Amino acid sequence: MPAGPFTVYGTQLESRFMIGSARYPSPQVLRDAIAASGAQVVTVGVKRMLAAGSDNGFVEMVRASGARLLPNTAGCRTAREAVTLSRMARELYGTPWIKLEVIGDEHTLQPESWELVTAAEELVKDGFEVFPYCTDDLIACQRLLDVGCRVLMPWGAPIGSGQGLLNPSALRTLRERLPEVPLVVDAGIGAPSHAALAMELGFDAVLINSAVAQARDPVRMAAAFARAVEAGRLGWEAGVMARQEMAVPSTPVTGRPFLVQ
């Protein structure tokens, strides 16, 4: 029984696993990992592609897989820089989708909320469909929605750290306070169990790069994440039982006769 689809900017997606494209050992491994993941959205760093001078057939490969390309502004430090790069991405790749990243701290690579909101507002007015990489701060997320974003991508932990969900309470609050907004955990996931937990919290999808690309076997790891995402989402849809502070017998016997041999 597969989990149900979700919709972002009018596009229905069957897969709730989005995958990054950096740091794979080879283009063939990347191609096979995308296939194993079942992902319908693949991100690409625009700065990285521009620095390389060519995409070496990457865009054609992604489109041949049936996935949609989600360019990102990784490496940007100001709203102005991110807006400029986003416009270049739209010209290069022919898509209004942009994963908006504006980093404020070199050590944690934490998003700079003020610059992020400023860039998002300008890009939305310019016709972009913005996927903002943000913190798990509820107020910052609400500001992004106020300027026209229709999906949010809060971090689980610092990019590439593999630490999992450092603040599940904050993520749970986002889900409870923004019940109709597509939410995608982006950054910090290191193991399939982390992805399953994000889905059990009610998030709509996860975006994973390093945990797959840096695995000993990226293709098998992509398949593992795909199954974890599906299991976590099915658990959410089925209704995960409420936690109890004390033991509750799974086979109640109080008040019922039973035979002792």
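What you see is a predicted model; the values in this text were computed from it and never measured. Residue numbers here run from 1 along each chain, matching the order of that chain's written sequence. In view of the model being predicted, local features appear only for residues whose pLDDT reaches at least 70, and side-chain atom pairs are presented and counted only at 80 or more, with totals across whole chains, interfaces and linings using the full set of residues. The side-chain quantities take in all heavy atoms of the structure and omit both hydrogens and water.

**A short note on the packing of aromatic side chains**
Aromatic rings from Phe, Tyr and Trp, with only the six-membered ring used for Trp, were paired whenever their centres fell within 6.5 Å, and each pair was classed as stacked if the ring planes differed by under 30 degrees, edge-to-face if by over 60, and tilted otherwise. Applying the stated criterion across every chain, the model contains three aromatic pairs. Relative to Phe131, the ring of Tyr9 lies with its centre 5.4 Å away and its plane at 55°, an arrangement referred to as tilted. Within this pair, whereas Tyr9 is found in the loop between β1 (6-8) and β2 (11-13), its partner Phe131 is found in strand β7 (residues 129-134), the two being separated by 122 residues in sequence. This pair shows no difference in class: Tyr9 is buried, exactly as Phe131 is. Comment: elements are numbered from the N terminus, with helices defined as DSSP H or I runs of at least four residues and strands as E runs of at least two. Classification of residues uses two cut-offs on accessible area relative to the type maximum, computed with a 1.4 Å probe and protein chains only: under 20% is buried, over 50% is exposed, and between them is partly exposed.

**Here's the deal with helix α10 (residues 218-238)**
Every helix has an expected span of 1.5 Å times one less than the residues it contains. Compared with an ideal rise of 1.5 Å per residue, which puts 21 residues at 30 Å, α10 spans 30 Å between its outermost C-alpha atoms and is within 8% of the ideal. Turning to α10, its buried residues are Pro218, Ala222, Ala223, Phe225, Ala226, Ala228, Val229, Gly232 and Arg233. Positioned one or two residues after α10, Gly239 has a phi angle of 100°, which is positive.

**Structural notes on the pattern of salt bridges**
Just to be clear on terms, a salt bridge is a Lys or Arg side-chain nitrogen sitting within 4 Å of an Asp or Glu carboxyl oxygen. The full count for this structure, using the stated rule, is 12 salt bridges. The salt bridge involving Lys99 is made with Glu101; its shortest N-O contact spans 2.6 Å. For the residue pair Lys99 and Glu101, the accessibility class agrees, reading buried in each case. Within the structure, one salt-bridge network assembled from shared partners comprises Arg87, Arg90, Glu122 and Asp126.

**Examining the environment of Ala67**
Tracing the backbone shows Ala67 in the loop between α3 (58-64) and β5 (68-72). Residues in contact with Ala67, not counting those within four places in the same chain, are Ala39, Gln40, Val41, Val42 and Val62. Residue contacts are counted whenever heavy atoms from the two residues lie within 4.5 Å of one another.

**Let's talk about the packing of helix α8 (residues 192-200) against α10**
The geometry of a pair of packed helices is captured by two quantities: the angle between their axes and the separation between those axes. Axis lines are fitted to C-alpha atoms, over the contacting stretch for helices. Their N-to-C directions set the angle, which ranges from 0 to 180 degrees. Here α8 crosses α10 at 25°, and the two axes come no closer than 7 Å. Taken as axis vectors, α8 and α10 run roughly parallel relative to one another. Judged by the twist between their axes, the crossing of α8 over α10 is right-handed. Counting all contacts with α8, which are made through Pro192, Ala195, Ala196, Met199 and Glu200, the residues of α10 involved are Met221, Ala224, Phe225, Ala228, Val229, Gly232, Arg233 and Trp236. Of the residues belonging to the contact of α8 with α10, the class tally is 10 nonpolar, one polar and two charged. Any angle between 65 and 115 degrees counts as roughly perpendicular, while under 35 counts as roughly parallel, over 145 as roughly antiparallel, and the rest as oblique. The handedness criterion is simple: a crossing whose near helix is rotated anticlockwise from the far helix by less than a right angle is left-handed, and one whose near helix is rotated clockwise is right-handed. Put simply, Ala, Val, Leu, Ile, Met, Phe, Trp, Tyr, Cys and Pro go in the nonpolar bin, Asp, Glu, Lys and Arg in the charged bin, and everything else, Gly too, in the polar bin.

**Some points on the environment of Ala33**
With respect to the helices, strands and loops of the structure, Ala33 is situated in helix α1 (residues 27-37). Spatially, the C-alpha atom of Ala33 lies 8.9 Å from that of Ile19, the residues being 14 residues apart in sequence.

**Things to note about the pairing of strand β6 (residues 97-100)**
Going residue by residue along β6, you find Trp97 and Lys99 tucked away on one face and Ile98 and Leu100 tucked away on the opposite face as well. As paired elements, β6 and β7 share four bridges and run parallel to each other. Bridge assignment links Leu100 to a residue of β7, and that residue is Pro132. Place the viewer so that the strands point away; then a crossover is right-handed whenever the path from the first strand over the helix to the second strand goes clockwise. One crossover worth recording links β6 to the parallel β7 by way of helix α5 (residues 113-125), and it is right-handed. For two strands to be treated as a pair, DSSP must find no fewer than two bridges joining them.

**So, the packing of helix α6 (residues 138-146) against helix α7 (residues 168-177)**
The N-to-C vectors of α6 and α7 enclose an angle of 40°; their axes lie 10 Å apart at closest approach. It follows from the interaxial angle that α6 and α7 lie oblique. The element α6 and its partner α7 pack so that their crossing is right-handed. Between α6 and α7, the contacting residues are Leu138, Cys141 and Gln142 on the first element and Thr173, Leu174 and Arg177 on the second. Residues of the contact of α6 with α7, tallied by class, amount to three nonpolar, two polar and one charged.

**Side note on the pairing of β7**
In terms of burial, β7 is a largely internal element, five of the six residues being buried. Pairing of β7 with strand β8 (residues 153-154) involves two bridges; the strand directions are parallel. Paired with Tyr133 across the bridge in β8 is Met153.

**Considering the layout of surface pockets**
Its volume calculated, the largest pocket comes out at about 650 Å³. Ala22, Ala74, Glu101, Ile159 and Asn209 are, among the 32 residues lining the largest pocket, the residues nearest its centre. At the level of elements, β4 (41-45), α2 (46-52), β10 (205-208) and α9 (210-213) are the ones that each hand at least two residues to the lining of the largest pocket. Taken together, the residues that form the lining of the largest pocket break down as 12 nonpolar, 13 polar and seven charged. Space inside and on the surface of the protein is sampled on a 1 Å grid over the protein atoms alone, with a cavity defined as a set of points where a 1.4 Å probe fits but cannot get out and a pocket as an open set with protein on both sides within 12 Å along at least 5 of 7 lines; lining residues have an atom within 4 Å of a point. Grid points are joined across faces, edges and corners, and a volume is the space filled by probe spheres set on the points.

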